[in-house]
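Descriptive structure summary
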Amino acid sequence: NSRKRFDEAYATYKHAMKVAADTCSQEIIMPCSNGGIPTPGKEYGKPYSYKQTDCIVRDSGCGFMCLDDIASDLGLWGDKGELSYRYPDYFGMGNSTRKRLDARLHSGNSRW
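Residues numbered from 1 in each chain as written. Predicted model: local features only at pLDDT ≥ 70, side-chain atom pairs only at ≥ 80, totals over all residues. Heavy atoms only, no water.

The subject of this paragraph is the pattern of salt bridges. Counting across every chain of the model gives five salt bridges. In this structure, Arg100 engages Glu27 in a salt bridge whose closest nitrogen and oxygen atoms are separated by 2.8 Å. Of this pair, Arg100 sits in helix 3 (residues 95-107) while Glu27 sits in helix 1 (residues 2-27), and the two are 73 residues apart along the sequence. The burial state of Arg100 is the same as that of Glu27; both residues are buried. Among the charged side chains, a salt-bridge network with shared partners connects Glu27, Asp69, Lys99 and Arg100. (Salt bridge = Lys/Arg side-chain N within 4 Å of Asp/Glu carboxyl O. Helix = DSSP H or I, 4+ residues; strand = E, 2+ residues; numbered from the N terminus. Buried < 20%, exposed > 50% of the residue type's maximum accessible area, 1.4 Å probe, protein only.)

Take a look at the structure:
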């Protein structure tokens, strides 16, 4: 039944979004401070360079590694296999990213 499949997928989505909001929003470093108030004289008016944040270059996405770990923990990848990060120079190395990367490197489950 299509409606049942949709309802199950939507419930999974809502649960994953709550876990992500509760976990990632508390630990990732975003490029703006104080609710988005820019800091004069910094890169693009922001208090952190992208390498100090947990974002991909130019704020293309933040908290990616936290979100990936949640998706793995919840079994959302299905049969897609192991994650790999192909362009590490484009990733910020904020506290959350460093902590999660360190855990992956020590577990032997990373292609980095």
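Take the environment of Ala16 next. Here Ala16 is to be found in helix 1. For Ala16, a relative accessible area of 13% gives the class buried. Once the C-alpha coordinates of Ala16 and Leu67 are considered, the two residues, 51 residues apart in sequence, prove to be 9.2 Å apart. If sequence neighbours within four positions are ignored, Ala16 has contacts with Leu74 and Leu76. (Contact = heavy atoms within 4.5 Å.)

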